[in-house]
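Structural description and commentary
Read off the chains here:
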Amino acid sequence: MPEDKCAILVEDTKKAIRDIAEFYRTTLDIDVVAVTGSVGKTSTKDMLYSVMSKGFSTFATKGNFNNEIGVPLTVFQLDATYKKAIVEMGMSNAGEISRLTKIAKPQVAVITNIGTAHIGNLGSRENILKAKLEVLECLDGIAILNGDDEYLWGAKENIAHETIYYSIDNADSDYVAYDVVCDDKGSAFKLKINSVEYEFSVPVVGKHHVYNAMAAIICGLHFGMNIEDVIAGVGTYETTGMRQKEIQIGKVKLIEDCYNANPDSMKASLVTLNTIKKTRSIAVLGDMLELGSYAETAHRDCGKYAAEKNIDMLFAYGKDSSFTADEAVKNGLAKVYHFTDENELSEALFNEIRENDAILFKASRGMKLENVIHIIYDRMQ
């Protein structure tokens, strides 16, 4: 050990940092909003921040600091200058969210959906539901849940906390968006609040952002924000990192969405691709990781979905994506190519790009699809 330094010896460093963060949280007079779910945690967290920061001094999880190390480090960044904190919580196994919510002690819990991310570890969507609902164990307040998710809606009678459901399709939910319009400029919808109709506009493409916005709207209203600030917060939302980042190079539109991927987010991205395309839609889809024995089924399902959505061209990248390519061909998609080498993929893709194309890049983070993106950008500029 260096001179003039000291150390605290512990049996388990992860437990120690959790314990310290849990104690530090008790010293803070701050409302915490915990965000979890299979898909859309980060985009929902960012939407919540966009809204909440219009009314309060607000802190939000940075980057992907959403695990048993990241959440304590997030809590350590809080101090008396903040009135609200948005804390993202991720997990890959049962029990992890339980440990995170014990640290954060939230006043609001938002669960976006129950999908198939990490199903290789948890075995079923029922088990994923149980793991996500762990966020309620230390909740001192309300749960804001997606009413269009069959698993979250099905859990309604078994949740002891006050619940507020939002939806687009489930008329029995507490808040239901209507007149939803999604085009290449963004998304717009209407919502009735206390019997008064309000219009909201989200400046990013994709129906899933309507769900994110509703969760943020409900949270803002719960904390007493005025509706004008809430509308402004939704309207100034921006994506972060490599999550559905839209780039225009000449007359070609490119979508970077390769921070993470699972079957649900992959399908949502394909819908977004079709929404923004001018002439041709090109999907560059890499492997979805951490799916275990479900991997082949999931990749084949996405290949079938790409064909059903009439994607014009599919470039599949990675070992498991061979199943994506195979199923796309079986379902009638004519132009399908499979690669395991990023340079070969980049060369083939570059040679196919035409004016007015819309190109989606989507894969799990471990596939490092950004390498292909950078090669394409360098050659196009």
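Values in this document were obtained by computation on a predicted structure and should not be read as measured data.

**Comments concerning the overall build of the chain**
Helix and strand counts for the chain come out as 14 helices and 16 strands. The C-alpha atoms of the chain give a radius of gyration of 21 Å, which matches the 21 Å a tight globule of 381 residues would have. With respect to the principal axes defined by its C-alpha atoms, the chain has extents near 65 × 60 × 40 Å. Contacts spanning at least 24 positions in sequence make up 67% of the contacts within the chain whose residues lie at least 6 apart. In the structure as shown, the chain presents an accessible area of about 16800 Å², 47% of it carried by carbon and sulfur atoms. In the chain, the 41 positive side-chain charges and the 55 negative ones have mean positions that sit 2 Å from each other.

**A closer look at the packing of helix H8 (residues 208–222) against helix H9 (residues 227–235)**
Contact pair H8 / H9: the axes reach a minimum separation of 10 Å and the direction vectors enclose 150°. One element, H8, and the other, H9, form an angle in the roughly antiparallel class. The two elements H8 and H9 meet at a crossing, and its hand is right-handed. Contact residues: Ala213, Ile217 and Leu221 in H8; Ile227, Val230 and Val234 in H9.

**Overview of the layout of surface pockets**
Its volume calculated, the second largest pocket comes out at about 200 Å³. Every residue lining the second largest pocket is counted, 13 residues in all, and those nearest its centre are Lys45, Asp46, Tyr49, Ala60 and Thr240. The element contributing the most residues to the lining of the second largest pocket is helix H2 (residues 41–52), with 5 residues. Of the residues contributing to the lining of the second largest pocket, the split by class is 3 nonpolar, 5 polar and 5 charged.

**What to know about the pattern of salt bridges**
Scanning the entire structure with this criterion turns up 21 salt bridges. The shortest N-O distance in the salt bridge between glutamate 68 and arginine 18 comes to 2.9 Å. Taken together, the positions of glutamate 68 in the loop between strand E2 (58–60) and helix H3 (70–76) and arginine 18 in helix H1 (residues 13–26) put the pair 50 residues apart, joining distant regions of the chain. Overall, arginine 18 belongs to the buried group, its relative accessible area being 14%. With a shortest N-O distance of 3.4 Å, lysine 190 and aspartate 179 are connected by a salt bridge. With lysine 190 in strand E9 (residues 186–193) and aspartate 179 in strand E8 (residues 178–183), this pair connects stretches of sequence that are 11 residues apart.

**What to know about the packing of helix H11 (residues 295–308) against helix H12 (residues 321–330)**
Contact geometry of H11 with H12 gives a least axis separation of 7 Å together with a crossing angle of 40°. On the basis of their axis angle, the class for H11 and H12 is oblique. As H11 packs across H12, the resulting crossing turns out to be right-handed. Note on element contacts: H12 touches H11 through Ser321, Phe323, Thr324, Asp326, Glu327, Ala328 and Lys330, opposite Glu296, His299, Arg300, Cys302, Gly303, Lys304 and Ala307. Of the residues in the contact of H11 with H12, the class split is 4 nonpolar, 4 polar and 6 charged.

**Let's talk about the side chain of glutamate 22**
Checked against the element boundaries, glutamate 22 lands in helix H1. Within the structure, the side chain of glutamate 22 is placed 3.5 Å from the side chain of lysine 105, a separation counted as a polar contact.

**Here we look at the sheet that holds strand E10 (residues 196–202)**
Across the sheet, which stays open at both edges, the 3 strands sit in the order E8-E9-E10 with antiparallel pairing between neighbours. Edge positions in the sheet fall to E8 and E10, since each of these pairs with one other strand and no more. Between one strand axis and the next, the sheet turns through 15° on average, direction left out of account.

**Thoughts on helix H14 (residues 370–380)**
Listed as buried for H14 are Glu370, Val372, Ile373, Ile376 and Tyr377. End-on, the buried residues of H14 take up no more than an arc of 150°, which puts them together on one face. Buried positions along H14 lie against strand E11 (245–249), strand E12 (252–257), helix H13 (342–352) and strand E16 (358–362).

**Observations concerning the nonpolar core**
Ranked by size, the top nonpolar core spans 61 residues in total, and within it Met89, Val135 and Leu270 carry the most contacts. Counting residues per element, this core draws most heavily on H11, which supplies 6 residues. When sequence neighbours within four positions are dropped, the list of residues in contact with methionine 89 reads Ala34, Val35, Thr36, Lys41, Asn66, Ile97, Leu100, Thr101, Ala104 and Val135. By size, the runner-up hydrophobic cluster in this structure holds 38 residues, among which are Val110, Ile193, Ile227 and Val230.

What counts, and at which threshold
Sequence order sets the numbering: in each chain, residues are counted from 1 along the sequence as written. Reporting of local features is limited, given that this is a predicted model, to residues whose pLDDT is at least 70; pairs of side-chain atoms are given and counted only at 80 or more, and all residues count toward the totals for whole chains, interfaces and linings. Excluded from the side-chain calculations are hydrogens and water; all other atoms, namely the structure's heavy atoms, are used. Strands are runs of DSSP state E lasting at least 2 residues, helices are runs of H or I lasting at least 4, and numbering of each runs from the N terminus. Restricting the calculation to C-alpha atoms gives the radius of gyration, and the globule rule supplies 2.2 Å times the number of residues raised to the power 0.38. By the convention used here, residues are in contact when the closest approach between their heavy atoms is within 4.5 Å. In these tables, accessible area is a Shrake-Rupley quantity obtained with a 1.4 Å probe, and a residue counts as shielded only by the protein chains included in the view. His residues and chain termini do not enter the charge count, which takes Lys and Arg as positive and Asp and Glu as negative. Positions of charges follow a simple convention, taking NZ of Lys, CZ of Arg, CG of Asp or CD of Glu. Angles shown run from 0 to 180 degrees and are taken between the N-to-C directions of axes, each axis being a line fitted to C-alpha atoms and, for helices, limited to the stretch in contact. Comment on the angle field: the value is read as roughly parallel under 35 degrees, roughly antiparallel over 145, roughly perpendicular from 65 to 115, and oblique elsewhere. Crossing handedness follows the turn of the near helix against the far one: under a right angle anticlockwise gives a left-handed crossing, and clockwise gives a right-handed one. Space inside and on the surface of the protein is sampled on a 1 Å grid over the protein atoms alone, with a cavity defined as a set of points where a 1.4 Å probe fits but cannot get out and a pocket as an open set with protein on both sides within 12 Å along at least 5 of 7 lines; lining residues have an atom within 4 Å of a point. Grid points are joined across faces, edges and corners, and a volume is the space filled by probe spheres set on the points. Charged residues are taken to be Asp, Glu, Lys and Arg, nonpolar residues to be Ala, Val, Leu, Ile, Met, Phe, Trp, Tyr, Cys and Pro, and polar residues to be all remaining types, Gly included. Salt-bridge detection follows one rule: a side-chain nitrogen of Lys or Arg within 4 Å of a carboxyl oxygen of Asp or Glu. Here the term buried applies to any residue with accessible area under 20% of the maximum for its type, exposed to any over 50%, and partly exposed to those in between, with areas from a 1.4 Å probe on protein chains only. Contacts described as polar in this section are N or O atom pairs within 3.5 Å, which, within protein, must combine one atom able to donate a hydrogen with one able to accept it, while residues neighboring in sequence count only if both atoms come from side chains. In this analysis, strands are considered paired if DSSP registers two or more bridges between them. Working definition: the arc comes from the directions between the helix axis and the C-beta atoms, pointing outward to the latter. Put simply, buried Ala, Val, Leu, Ile, Met, Phe, Trp, Tyr and Cys residues joined by side-chain atoms within 4.5 Å make one nonpolar core.

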